[in-house]
Amino acid sequence: SDHKLNYPISPAHMDWSSHFPAFVDPDESKKNLSGGRKLTKEVEVVDIGCGFGGLMVGLAPLLPDTLMVGMEIRISVLEYLSSRIHALRNQQQRLKSKSTNTPTDSTEPIATPVQSTDPSSPTNDDEIGTDKIFPGNFENITAIRSNTMKFLPNFFAHHQLSKIFICFPDPHFKARKHKARIVSETLNSEYAYVLRPGGLLYTITDVEEYHHWVLRHFLHGELEDGSTPPGSSKDLFERVSEEEVDADPCVRVMKYETEESKKVTRNKGNKYVAVFRRKADPEWP
Ligand code: SAM
């Protein structure tokens, strides 16, 4: 439950150094408000409800200089993903030292991810066991256990993010469960707060009704009672054109590389994609 979740009291207190050791600022005097070392750059991309991390692993070599975090509420899933990332980094380290022929002084064995007890977890990891060196060596991705419905602004400052992904969110079909949906007028304002103007929010679902819910909530700023007050999401987001979406390599990763997208492909289900651009903040009189 939430009282067991760790979260910083503000983004300035968040210590990312253990998550991104390759990006720790060499200047030891630079500290965050909790006393930890600072990074050379900010985390910019978030995958909300990342599950087993297929999106993160797929995006890592595509955006090797961008720091990205997957957030997931389930403990066993998060443990699986953390160990998957650790294993990928170790493997890259080995391959790099092999290719430069310099002996590594690391005595750490190549880690293999712990097998999750969740029956829907991936059974074999395509990447592990291949001998390819990937740009960024997976040093640019990490995973954190969090309830994003409650704690997103604790981790990210105003306008910090350039991309947010919401891939195959739990549909919560029944009307009385709609308040548990991860897309809502209230949460959209938080996404708008942490996303910078020009930043993109990506969504994909296999549930057509949820896709329409997403469009209504981002483009019309609809409240749970169906009303659309001024100053809501509709003033903050615009839909990205189909051409732009089709040309975006991140969309391909979202469509084919998350664990849920693979399941939908196997079951020959439909995939509904919508990408929204964060507009500039409205001018106040
Ligand atoms: N995005 C992944 C994919 O495409 O394979 C996983 C999709 S799965 C259907 C939805 C995920 O969202 C689950 O792993 C669930 O635990 C997670 N989730 C649901 N509510 C959450 C919340 N409030 N905070 C963080 N993760 C959440």
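Named according to an unreviewed UniProt entry, the protein is tRNA (guanine-N(7)-)-methyltransferase originating from Penicillium bovifimosum. Its UniProt record, at the heading Subcellular location (unreviewed entry), says of the protein: "Nucleus". Under the UniProt heading Sequence similarities (unreviewed entry), the entry covering the protein gives this text: "Belongs to the class I-like SAM-binding methyltransferase superfamily. TrmB family."

**Q** Please explain the overall build of the protein as it appears in this structure.
**A** Helix and strand content of the protein: eight helices and seven strands. Taken across its 285 residues, the protein has 32% of its residues classed as buried. Within the protein, residue pairs in contact and separated by at least 24 positions form 73% of the contacts whose partners lie at least 6 positions apart.

**Q** Would you mind going over the UniProt feature "binding site: S-adenosyl-L-methionine" (unreviewed entry) in the protein with me for this structure?
**A** In the UniProt entry, the feature "binding site: S-adenosyl-L-methionine" (unreviewed entry) is given for G49, E72, I73, N147, T148, C167, T258, E259 and E260. You can see E72 is positioned in strand β2 (residues 67-72). A residue is classified by how many C-beta atoms lie within 10 Å of it, and E72, with 25 of them, is buried. Apart from residues no more than four positions distant in its own chain, E72 is found in contact with G49, C50, G51, V77, L78, L81, A143 and R145. Relative to the helices and strands, N147 resides in the loop between β3 (141-145) and α3 (148-155).

**Q** Is there a simple way to think about the site of the ligand in this case?
**A** The ligand sits among 22 residues. The nearest are G49, G51, C167, T258 and E260. At three residues, the largest contribution of residues to the shell around the ligand is made by helix α8 (residues 259-266). Here the residues of the shell around the ligand are counted per class, giving nine nonpolar, eight polar and five charged.

**Q** Explain the sheet that holds strand β7 (residues 272-278) to me, please; I cannot follow it from the model alone.
**A** Strand pairs in the sheet, formed through backbone hydrogen bonds, run parallel or antiparallel to each other. Ordered in space as β3-β2-β1-β4-β5-β7-β6, the seven strands form an open sheet in which the pairing is mixed. Two strands lie at the open edges of the sheet, namely β3 and β6 (237-239), each paired on one side alone. The sheet shows a mean angle of 20 degrees between the axes of neighbouring strands, taken without regard to direction. Bridge count between strand β1 (residues 43-48) and strand β4 (residues 161-167): four bridges; the pairing is parallel. Bridge assignment links V45 to a residue of β4, and that residue is K163.

Procedures and definitions
All residue numbers refer to position in the chain's written sequence, counted from 1. Thresholds applied to this predicted model are a pLDDT of at least 70 for local features of residues and 80 or more for the giving and counting of side-chain atom pairs; totals over whole chains, interfaces and linings are not thresholded and use all residues. UniProt positions are given in the numbering used here, feature names are shortened, and annotations may be inferred rather than shown by experiment. Going along the chain from the N terminus, every DSSP run of H or I of four or more residues is numbered as a helix, and every run of E of two or more is numbered as a strand. To sort residues by exposure, count the other C-beta atoms lying within 10 Å of each residue's C-beta; 20 or more gives buried, 12 or fewer gives exposed, and values between give partly exposed, all with C-beta atoms placed from the backbone. A residue pair is marked as a contact if its C-beta atoms, positioned from the backbone, fall within 7 Å. Using a C-beta atom placed from the backbone, a residue is scored as near a molecule or strand whenever that atom is within 6 Å of it. Three classes are used, and their members are as follows: Ala, Val, Leu, Ile, Met, Phe, Trp, Tyr, Cys and Pro are nonpolar, Asp, Glu, Lys and Arg are charged, and the others, Gly among them, are polar. A pair of strands is treated as paired once DSSP finds two or more bridges between them. Working convention: axes come from line fits to C-alpha atoms, limited for helices to the stretch in contact. Angles between N-to-C directions cover 0 to 180 degrees.

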